[in-house]
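Residue-level structure breakdown
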Amino acid sequence: MSDPITYVYNQTPAPKRLTIGGTYPLASPDTIAGRPYDLETLAADANFGNPQPITTEVQSLLLDGARVEHLRDGNRESYFQIRITADNPHDLARGEAELRAQLQRITTLEWTPPHALAPTSKFIVVTSSMRWLFDDHAELQLKRVFGVTFVCLPHVRSADTIVVDAITTPGSTSPPTITTVDNCNATTGWAAEWKLVGTSDPWATIPVTSYAGTAIKADSPTAGPPAPVAVAASSIRVSKTFAAFDASPYVRFTITSSRAFDYVALRVDDTWVEPILVDGDDYYFETADTSVTFLRLQVNWPRLISPAYPDLFVHDVAKYSRLPQFGTARELGRTIRVHGSERTPGSIAVEHESTALGGHVIVYTHDDASGYTPPLGPDNISGSSSVVSTNVSGKAYNLDTPAVFEKSLAGIPAGRYELGALLSIPSGSGSYDIAWSAQTYVGGVAVGEAQSGTTTITWTSDLKIYAPLARILLPPTRVAPGATATVRISISDPTPGSGPDITLDEAWIFNLSIGALTIAKTTKRRLWIDSADIPLGVPAIWTGDNADRSDAYALSLRSQVLAVGTHVWNPGTTSIFTVTEGVEDAAVSFDYTPCWSHHPMAITDELEPTA
Amino acid sequence: MTEQIAVAGRWLALQTDTAWGDLQYTGRHPRGCWTAEWRMAPGDRGIYRGQPVDIYDGASPVWAGHIASVDPLTGTYQADGAAREAEKRLGLDSGGAASAGPTTAIAAAIARGMNWAGHTIASFSGDLPVDAASLDDGPLYLQQLLDAGAEQRGEEWWVGPDRIARMGPTTTTPTWFLAPGFIAPGVDDEEYAQYLFGRYYSSTTSTYQTAIAEDTLAPYGGAEKAVSLIGRGAMTSTKAATIMSKILQRDGSRLAVIGSVAVDASNLTNAGGTPADVRLITEGQMVRALGTFPDARRLTPYIDFVIGEVRHDATTVVTIQPLGRAATDLRALFEKGA
């Protein structure tokens, strides 16, 4: 490359929309009042840079080439030539000094493309430096050109932060009031359409049949490409027109399919909404519509290796007065949409206006579409339990009898799980063993090998503790795609009768392959979990009573925080599961700034599902 | 990286000055947690030699040890696993006298400040691995006592992430299955011995004697090795023979495996076929490498090997080294010589 300075005089200035920190324009002179010098960014060699992928080679049997895994993105380097012009050497040097004062610090580089509707890209500058590009001819003209390098985080941010408000259902008490909208025992009024995703083909009408008298089945065309060719992504939508009814605040669809789908949305009259909670086969949608006459549910499947396109079964449609809870309203789940094209830092707030959250506060996030939820209590099939309304699960299990839980395997995405439980002893302290096992069941019969073990749990001062019982690979035995199977998890005292009675409040399986787990202890009314972000580069967990964080302090001791999760906010939908041991109906909200590869989109509330 | 580091009871990630990266931690069988290292910004980060280090995955501990080396100029931090405290603790009893009982010595060392939470090792009372009279010269180190105890029982000892010392036989049940034809470890007869000749000092004849243990299956050829039991003091011929047979059972008739294998979810599963999450792989687990014959005479088309060392880092690939790996590179030969 030739010396960049030879290009400078032939270039027009870059758009007048480049600033440092939003306040220091790197623009042409006529826009800046009060500057005794002119400052221009030249188009020559201007470069916003690109994220540097950080990868690792994975061993394989390829003769040539290699499998490569993308780990993360490294910083980008942006480079601009900035020309300072002044009437005298003093102002020329002042321009240089003022430019220098903006560099070598954490700030933003904000760029608005020329089109009137283009949103601003905010590059997060980690550091920056300047280099003098000397030219004797320019010195005579009182002009100096500096090459400025900005080292930026790899992705750009939208200009505005998005706040995902907490779900509140004023005046409603748990459990929710459930009103049937359609029990799907008959096909009356239902219509279904099918289409290949991403094609321009029109929606094709497909038959709706009754399935076992308890569900309707939308039959996709059987003729597809012959196996084992990958079947293309497909989509089904089912619709029904109703006499006007009040659907607010929540509508629940119970749906299943022979294959795992990866997207669900509901059109309520003219508005599309995405699920606000997914629990197993139940998809909950929030709507403010009090006079609904039309519902249309759309489900998308990814590309599948399968001889046939999957069918959709709708088992039930109902209206809920509030979202359901797991056990008690101390355990809540919700799904949020994260905008952007890159993962982004964010902040979760778990709050209650009047009552302390803890004991334990658990926050678990994941972005899997299987309907997986961590709590085992709602899936209890045997054991010795009594009702304890102040417990998280609403029950207390005496572990002298094994407490057995059975979850649908379809709702257990394969991966590394932490089996954890809230366990109590009546008094004192000591170390006691807890036995656990996990086994796959097909048709009610155990198959494959069981995973099992015994873990020694130590109580020192608190009588009720969160105890990690095991790290296990689930499912213990996998089953064919679409097969109906369950996983049974048993937790017991291996030596019943000796030592104190150990009681279990609630147990969870947290998938750590696809999610992140934070467990903190607080006696305050609010807890915030902030992702690592510039400038500090570390995450933080804050607790306090005031909503404006004016009395918030950081939790950083192992005795205050039992698990620190790296909560990842990928674009798309993410599920947040929370447990607040001390209070029901804690409000969970989330705020973040959408992150993009290079250019932000304008964020709108309008949703149009991919089809 | 989903793991998190706590030093001296504080989460490094939740303090503003202690952002870290490049964490690697290893475990060995026997011994358990072995080394950990990570990097932080240069300068004094308030982390000093001897502070306890715990690494967690979720709320579960996965590694425990203490800070062994701090380099504030480069920001490099190294920690030694909990088991390695035994290298530096003497085998004493609660009164400070030399002890020949591993469990007594562990309890006394914990009382003197060794950062172990306890042990589940059955008492050696009545069958001490070292003759008490041989301690007149001075105490052994705790590690030597535990090694002698484990050898006597044909077992291994280790300290896990819960800081509890355990002793038990090496597993014989595979936890993981390595896909056939993918990556197979090589085999070597370097570490193998068919005959073990053990010299010991007889307590009945007050002379030096030899106890011989033989692997009658002899599947891999007739290698011979000498073992010295003299450091354990006087013993009966029965005890010497028992120890020798346990040593043969544990170390002798084993196929040595060359090299290490890199595994990930594409080539490793559990018994039920679920792809592995490599963070669940730990030292001491058994891996069945399918599709590989150990020698020309066997009909079983697989090799079972126990994971002797595993190194975890931020990737989804993990490198495992089989137990009893033949020393085929310079570093391994030096370590062996030491």
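Because the structure is a prediction, the values reported are computed rather than measured.

1. Remarks on the overall build of chain B
- In terms of helices and strands, chain B carries 4 helices and 22 strands.
- Across the 338 residues in chain B, those meeting the buried criterion constitute 42%.
- By sequence separation, contacts in chain B at least 24 residues apart represent 66% of the contacts at least 6 residues apart.

2. Let's talk about the overall build of chain A
- When helices and strands are tallied, chain A shows 2 helices and 46 strands.
- Principal-axis analysis of the C-alpha atoms gives chain A an extent of 95 × 65 × 60 Å.
- In chain A, buried positions account for 42% of the 611 residues.
- Considering only intrachain contacts with a sequence separation of at least 6, the fraction spanning at least 24 residues in chain A is 76%.

3. Points about the sheet that holds strand β10 (residues 162–164) of chain A
All names here are of chain A.
- A sheet is described by the order of its strands in space; here 6 strands give the open sequence β10-β45-β27-β40-β41-β42, paired in antiparallel fashion. The two strands at the open ends of the sheet, each matched to only one other strand, are β10 and β42 (553–554).
- In the sheet, strand β27 (residues 346–351) pairs with strand β45 (residues 587–592) via 6 bridges, with the strands oriented antiparallel. If you follow Glu-351 over to β45, its bridge partner there is Ala-587.

4. Points about the interface of chain A and chain B
- Taken together, the 44 residues of chain A in the interface contact 34 residues of chain B.
- Elements represented by at least two residues in the side of chain A that touches chain B include exactly β4 (52–58), β5 (67–74), β33 (415–424), β35 (445–459), β36 (464–474), β39 (515–521), β41 (540–544) and β43 (561–563) of chain A.
- Here the residues of the side of chain A that touches chain B sort into 25 nonpolar, 12 polar and 7 charged.

5. Quick word on helix α1 (residues 102–111) of chain B
- Of the residues making up α1(B), those classed as buried are B:Pro102, B:Thr103, B:Ala105, B:Ile106, B:Ala108 and B:Ala109.
- Where α1(B) ends, the next residue or the one after it, B:Gly113, has phi of about 115 degrees, a positive value.

6. Describing helix α2 (residues 142–153) of chain B
All names here are of chain B.
- Between its terminal C-alpha atoms α2 stretches 17 Å, which fits the 16 Å expected from 12 residues at 1.5 Å a residue.
- Of all 12 residues in α2, 9 are buried; the element is thus mostly enclosed.
- Listing the buried residues of α2 in full gives Leu-142, Leu-145, Leu-146, Ala-148, Gly-149, Ala-150, Glu-151, Gln-152 and Arg-153.
- Positive backbone phi, at 70 degrees, marks Gly-154, one or two positions downstream of α2.

7. What to know about the domain arrangement of chain A
Residues and elements named next belong to chain A.
- Considered domain by domain, chain A is made up of domain 1 (4–157), domain 2 (178–320), domain 3 (325–367 + 514–611) and domain 4 (377–508).
- Using C-alpha coordinates to define each centre, domain 2 is positioned 30 Å away from domain 3.
- For the side of domain 2 that touches domain 3, the secondary-structure elements that each account for two or more residues are β19 (263–268), β20 (271–273), β21 (277–279) and β23 (292–301).
- With 3 residues, the single largest contributor to the side of domain 2 that touches domain 3 is β21.
- Split by residue class, the side of domain 2 that touches domain 3 holds 9 nonpolar, 3 polar and 3 charged.

8. Points about the confidence of the model for chain A
- Averaged over every residue, the pLDDT of chain A is 87; residues scoring 70 or more account for 92%.
- Every residue in residues 1–15 of chain A is under pLDDT 50, and counting partners more than four places away or in other chains gives 26 contacts.

9. A word on the sheet that holds strand β12 (residues 190–196) of chain A
Residues and elements named next belong to chain A.
- With antiparallel pairing, the 6 strands of this open sheet are ordered in space as β13-β12-β17-β23-β19-β20. Two strands close off the open sheet at either side, each with one partner strand: β13 (204–206) and β20. On average, each strand axis in the sheet is tilted by 25 degrees relative to the strand beside it, whichever way the strands run.
- As paired elements, strand β17 (residues 234–245) and β23 share 9 bridges and run antiparallel to each other. Its bridge partner lying in β23, Ser-235 is registered against Asn-300.

Cut-off values and rules
- Residues numbered from 1 in each chain as written.
- Chains lettered and ligands numbered in written order.
- Predicted model: local features only at pLDDT ≥ 70, side-chain atom pairs only at ≥ 80, totals over all residues.
- Helix = DSSP H or I, 4+ residues; strand = E, 2+ residues; numbered from the N terminus.
- Buried ≥ 20, exposed ≤ 12 C-beta atoms within 10 Å, placed from the backbone.
- Contact = placed C-beta atoms within 7 Å.
- Pairing = 2+ DSSP bridges.
- Nonpolar A, V, L, I, M, F, W, Y, C, P; charged D, E, K, R; others polar.
- Expected span 1.5 Å × (residues − 1).
- Domains from an automatic or database assignment.
- pLDDT = per-residue confidence, 0-100.
- Axes fitted to C-alpha atoms, helices over the stretch in contact; angles between N-to-C directions.

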